[in-house]
Amino acid sequence: MRCEDVAPLIAALVDCPEVPNITVQRHVETCLKCQAELARYQRMLRGLRDLRSRYVEPAPDLLDETLAALEHSRDHNPVRSILSSRRLAYAGAIGGTAVAAVLVARNRRRALSLAG
Amino acid sequence: MEQAELVGAAQEGDRQAFEELVRRTYVDTFTLACRLTGNQEDAGDVVQDAYLRAWRGIARFRGEAQFSTWLYRITANTAATHVHKRYRNRSEPLDDLNEPVELHPCAQPERAAESAELLDQLASAVAALPPKLRALVVLKDVYGLPHEEIADELGITVAAAKVRLHRARKRLRDVLYEQGEEAHAV
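All values reported here derive from a predicted model rather than from experimental measurement. (Residues numbered from 1 in each chain as written. Chains lettered and ligands numbered in written order. Predicted model: local features only at pLDDT ≥ 70, side-chain atom pairs only at ≥ 80, totals over all residues. Heavy atoms only, no water.)

Observations concerning the overall build of chain A
Piece 1. If you tally the helices and strands in chain A, you get 5 helices and 0 strands.
Piece 2. Counting from the amino terminus, chain A carries its helices and strands in the arrangement α-α-α-α-α.
Piece 3. When each of the 116 residues of chain A is scored for burial, the buried share is 28%.
Piece 4. Here the analysis covers contacts within chain A between residues at least 6 apart in sequence; of these, 46% occur between residues at least 24 apart.
Piece 5. With an accessible surface of roughly 8,000 Å², chain A has 60% of that area assigned to carbon and sulfur atoms. (Helix = DSSP H or I, 4+ residues; strand = E, 2+ residues; numbered from the N terminus. Buried < 20%, exposed > 50% of the residue type's maximum accessible area, 1.4 Å probe, protein only. Contact = heavy atoms within 4.5 Å. Areas by Shrake-Rupley, 256 points an atom, 1.4 Å probe, with all protein chains shown as cover.)

Below is the structure:
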């Protein structure tokens, strides 16, 4: 087996260890060039794992904006909206009752004064 | 207060506890969002959306995985939706989009096992991958999520996730080492 044939299969040695390619493995064991290629591939994977601890600094206002978005979502929370509309309905009902009571009282007074 | 206690309190509806969780995790979440979207502006949107989803869904968090892992999954799902929306009106398929961006990592030399140069090259090469391939490399190789969870969040099969990962790694390898060889040849 030639190195040119092995090169595209080296990644599979690492990516798919559950399906070992014995021919490729044997070639790599005896070929310095392919061993170097395998080492580079493994180094790349180690580097990717190390990226995990490399944080990207967010813009200074991201935290405040995120917390504000959460606060805003609370204001527009569906449950709260339902509660608010219920409160509005109660207030409307109470207000309507009060107006009706005033009107009734006024009519009674007028009726009494006419009768008197 | 420990993170588990904060999670418990947030599950009871304690908003301040959840806000404290946001404060403790948002840099990590932003970093993941940056790596998934490839740019900081989109990442900021993804972070906000991810925390809104997390707040709405925290009662369903059962603690089987770590809170951070649960948050990664939400962020991955949010970023996938965001990237999809962003490119929906473009004619190029997501697989072929190339949008190299420059990220600015915080320096943490004591934790870097490999050379800073390699990590810089890797970060740029990952950012330059097409979004669908990038997501696989970031979630599997950088954050170590299992194929099943990645496939679940991205809405693809496990087999498709493995194929994409293989393609992504091959592209990265080609970018990293063939460019390097060309540079040495010059």
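What about the interface of chain B and chain A?
Piece 1. Listed per partner, the contact involves 48 residues of chain B and 32 residues of chain A.
Piece 2. Buried area between chain B and chain A, both sides added, is near 4,100 Å², and the carbon and sulfur share of it is 61%.
Piece 3. Its largest share of buried area at the contact with chain A, chain B owes to Arg15, Arg169 and Tyr177 of chain B, together 15% of the area lost on that side.
Piece 4. Between chain B and chain A we count 3 salt bridges in total.
Piece 5. One salt bridge connects Glu37 of chain A with Arg173 of chain B, and the closest N-O pair in it is separated by 2.5 Å.
Piece 6. Taken together, the connections running from chain B to chain A amount to 9 residue pairs in polar contact (both at pLDDT 80 or more).
Piece 7. Counting residues per element, the ones that place at least two in the side of chain B that touches chain A are helix 2 (15-37), helix 3 (40-57), helix 5 (116-127), helix 6 (131-142) and helix 8 (158-185) of chain B. (Buried area = accessible area lost by both parts, 1.4 Å probe. Salt bridge = Lys/Arg side-chain N within 4 Å of Asp/Glu carboxyl O. Polar contact = N/O pair within 3.5 Å; in protein donor to acceptor, adjacent residues only side chain to side chain.)

With respect to helix 5 of chain B
Piece 1. Between its first and last C-alpha, helix 5 of chain B extends 16 Å over 12 residues, near the 16 Å set by a 1.5 Å rise per residue.
Piece 2. Among the residues of helix 5 of chain B, those classed as buried are Leu118, Leu119, Leu122, Ala123, Ala125, Val126 and Ala127 of chain B. (Expected span 1.5 Å × (residues − 1).)

Regarding helix 3 of chain B
Side chains of residues three or four places apart in an α-helix project in the same direction, reflecting 3.6 residues per turn.
Residues and elements named next belong to chain B.
Piece 1. Over its 18 residues, helix 3 runs 25 Å from end to end, which matches the ideal 26 Å to within 8%, given 1.5 Å per residue.
Piece 2. Taken residue by residue, helix 3 has Asp42, Ala43, Gly44, Val46, Val47, Ala50, Tyr51, Leu52, Ala54, Trp55 and Gly57 as its buried positions.
Piece 3. Among the residues of helix 3, the N-terminal cap falls to Asn39, whose side-chain oxygen and the backbone nitrogen of Glu41 are separated by 3.1 Å.

Here's the deal with the packing of helix 1 (residues 3-15) of chain A against helix 2 (residues 22-30) of chain A
Residue and element names in this part refer to chain A.
Piece 1. Two numbers describe how helix 1 lies on helix 2: the axes approach to 10 Å, and their chain directions differ by 110 degrees. The angle between the axes of helix 1 and helix 2 places the two elements in the roughly perpendicular class. Listed contacts from helix 2 to Cys3, Val6, Leu9, Ile10 and Leu13 of helix 1 are Val24, Gln25, His27 and Val28.
Piece 2. Taken together, the residues of the contact of helix 1 with helix 2 sort by class into 7 nonpolar, 2 polar and no charged. (Axes fitted to C-alpha atoms, helices over the stretch in contact; angles between N-to-C directions. Parallel < 35°, antiparallel > 145°, perpendicular 65-115°, else oblique. Nonpolar A, V, L, I, M, F, W, Y, C, P; charged D, E, K, R; others polar.)

Digging into the packing of aromatic side chains
Piece 1. A complete count under the given rule lists 6 aromatic pairs over all chains for this structure.
Piece 2. Ring centres 6.4 Å apart and planes at 80 degrees place the aromatic pair Phe18 of chain B and Tyr51 of chain B in the edge-to-face group. In this pair, Phe18 of chain B sits in helix 2 while Tyr51 of chain B sits in helix 3, placing the two residues 33 residues apart along the sequence.
Piece 3. Taking the relative accessible area as the measure of exposure, Phe18 of chain B reaches 1% and is therefore buried.
Piece 4. Ring plane angle 50 degrees and centroid distance 5.1 Å describe the contact between Phe18 of chain B and Trp55 of chain B, whose orientation is recorded as tilted. Of this pair, Phe18 of chain B sits in helix 2 while Trp55 of chain B sits in helix 3, and the two are 37 residues apart along the sequence. Taken as a pair, Phe18 of chain B and Trp55 of chain B share a single burial class, namely buried.
Piece 5. Here the aromatic cluster, defined as three or more aromatic residues joined through ring pairs, consists of Phe18, Tyr51 and Trp55 of chain B.
Piece 6. Sitting over the ring of Tyr177 of chain B, Arg40 of chain A keeps its end group 5.2 Å from the ring centre. (Phe/Tyr/Trp six-rings, centres within 6.5 Å; stacked < 30°, edge-to-face > 60°. Lys NZ or Arg CZ within 6 Å of the ring centre and 35° of its normal.)

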